[in-house]
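A closer look at the structure
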Amino acid sequence: MKSDEKLIIEPQKYSGETSIVSMRMPKEMLEKLDKIVLATGRTRNEILMMSIDFALERMEVKE
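This text gives an overview of the structure that appears in the document.

Cut-off values and rules
Residues numbered from 1 in each chain as written. Predicted model: local features only at pLDDT ≥ 70, side-chain atom pairs only at ≥ 80, totals over all residues. Heavy atoms only, no water. 1 Å grid on protein atoms, 1.4 Å probe; cavity = no way out; pocket = protein on both sides within 12 Å on 5 of 7 lines; lining within 4 Å. Points joined across faces, edges and corners; volume = space filled by probe spheres on them. Nonpolar A, V, L, I, M, F, W, Y, C, P; charged D, E, K, R; others polar. Helix = DSSP H or I, 4+ residues; strand = E, 2+ residues; numbered from the N terminus. Buried < 20%, exposed > 50% of the residue type's maximum accessible area, 1.4 Å probe, protein only. Polar contact = N/O pair within 3.5 Å; in protein donor to acceptor, adjacent residues only side chain to side chain. Salt bridge = Lys/Arg side-chain N within 4 Å of Asp/Glu carboxyl O. Expected span 1.5 Å × (residues − 1). Arc of directions from axis to C-beta. Contact = heavy atoms within 4.5 Å.

This brings us to the layout of surface pockets. A volume near 180 Å³ is recorded for the second largest pocket. Lining of the second largest pocket is provided by Leu7, Leu48, Ser51, Ile52, Phe54 and Ala55. Residues of the lining of the second largest pocket, tallied by class, amount to five nonpolar, one polar and no charged.

Structure representation (structure tokens):
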């Protein structure tokens, strides 16, 4: 995996079936997330879903 890959945020909303998920995160991470939310006009949920999708597409599980 390249270390210089970026998550590009495009104006598109998820429209599939959803489920509610709760998580805890460090306060500093939440502050970074909120800065992105303010800069992009997206919701926390949208940014988190894009980030998780980005990670899942590039994730490798070592046995």
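Attention now goes to the side chain of Arg42. Tracing the backbone shows Arg42 in the loop between α1 (27-40) and α2 (44-58). Judged by its relative accessible area of 10%, Arg42 falls in the buried class. Reaching out from Arg42, the side chain makes a polar contact with the side chain of Glu46 at a distance of 3.3 Å.

Turning to the environment of Ser51, a few remarks are in order. Along the chain, Ser51 falls in helix α2. Here Ser51 falls in the partly exposed class, since its relative accessible area comes to 29%. Along the backbone, Ser51 and Ile8 are 43 residues apart, and their C-alpha atoms lie at a distance of 9.6 Å.

Take the pattern of salt bridges next. Following the criterion strictly, the structure yields three salt bridges and no others. Note that Arg42 and Glu46 form a salt bridge whose closest N and O atoms lie 3.3 Å from each other. Taking relative accessible area as the criterion, Glu46 reaches 14% and is therefore assigned buried.

On to α1, then. Look at α1: 20 Å from first C-alpha to last across 14 residues, which is about the 20 Å you get at 1.5 Å a residue. At the exit of α1 stands Gly41, carrying a positive phi of roughly 75°.

Time to look at α2. An α-helical turn contains 3.6 residues, so a residue and the one three or four places further along point in the same direction. With 15 residues, α2 should reach 21 Å at 1.5 Å per residue; the first-to-last C-alpha distance of 21 Å fits that figure. Taken together, the buried positions of α2 are occupied by Glu46, Ile47, Met50 and Phe54. Mapping the buried residues of α2 onto a view down its axis gives an arc of 100°, with all of them on the same face. For α2, the secondary structure elements touched by its buried residues are α1.

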